[in-house]
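# Reading the structure
These are the residues of each chain, in order.
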Amino acid sequence: MVGISLLTLVPGEVGGAETYARGLCRGLARAGTLDYTAFTPPAAPGAGGGLREVQVPEYRAAHTIPQRLLAMGLAAAHPGAIRRRLGRLEAVHYPLAIALPSLPDTPTVVTILDLQHLDHPELFGRAERLF
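Values in this document were obtained by computation on a predicted structure and should not be read as measured data.

### As for the environment of Leu100
Relative to the helices and strands, Leu100 is located in the loop between β4 (91-94) and β5 (108-110). Taking relative accessible area as the criterion, Leu100 reaches 8% and is therefore assigned buried. Taking C-alpha positions, Leu100 is 7.3 Å from Met72, a pair spaced 28 residues apart along the chain. Not counting residues up to four positions away in its chain, the partners in contact with Leu100 are Ser5, Leu7, Thr8, Tyr59, Met72, Ala75, Ala76 and Tyr94.

Listed below in structure tokens is the structure:
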């Protein structure tokens, strides 16, 4: 089984990354040849676009940047419950650039969508640049 981690998806807040992740899931649901499961946060039920979906309530709902940072920090600090919910995966894809939860013994793909904060830091506040 290939896991697609959508845990850091906040509908309407992550722009092109959300468009990409949702399109990827819809495409895999239509034409994928493997067994895929989308893991979604409480803030984004249905984001799996037709893939089998497992909601991960242990990843707390978050909308603002501080809430998102807290949710990610808690997930990173206490990954056991989330890992148990994910089950055994042959590989995991993180289409939203943030590898949560970390699965060190599982082959991993992380999509990096843009690096504009490096080329144009003046367009971002300090908190966003640190994030």
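Let's pick the thread back up.
### Focus on the side chain of His93
Mapped onto the fold, His93 is located in strand β4. Apart from residues lying up to four places away in sequence, His93 is in contact with Gly3, Ile4, Ser5, Tyr20, Leu24, Val109 and Thr111.

Basis of the calculations
Residues numbered from 1 in each chain as written. Predicted model: local features only at pLDDT ≥ 70, side-chain atom pairs only at ≥ 80, totals over all residues. Heavy atoms only, no water. Helix = DSSP H or I, 4+ residues; strand = E, 2+ residues; numbered from the N terminus. Buried < 20%, exposed > 50% of the residue type's maximum accessible area, 1.4 Å probe, protein only. Contact = heavy atoms within 4.5 Å.

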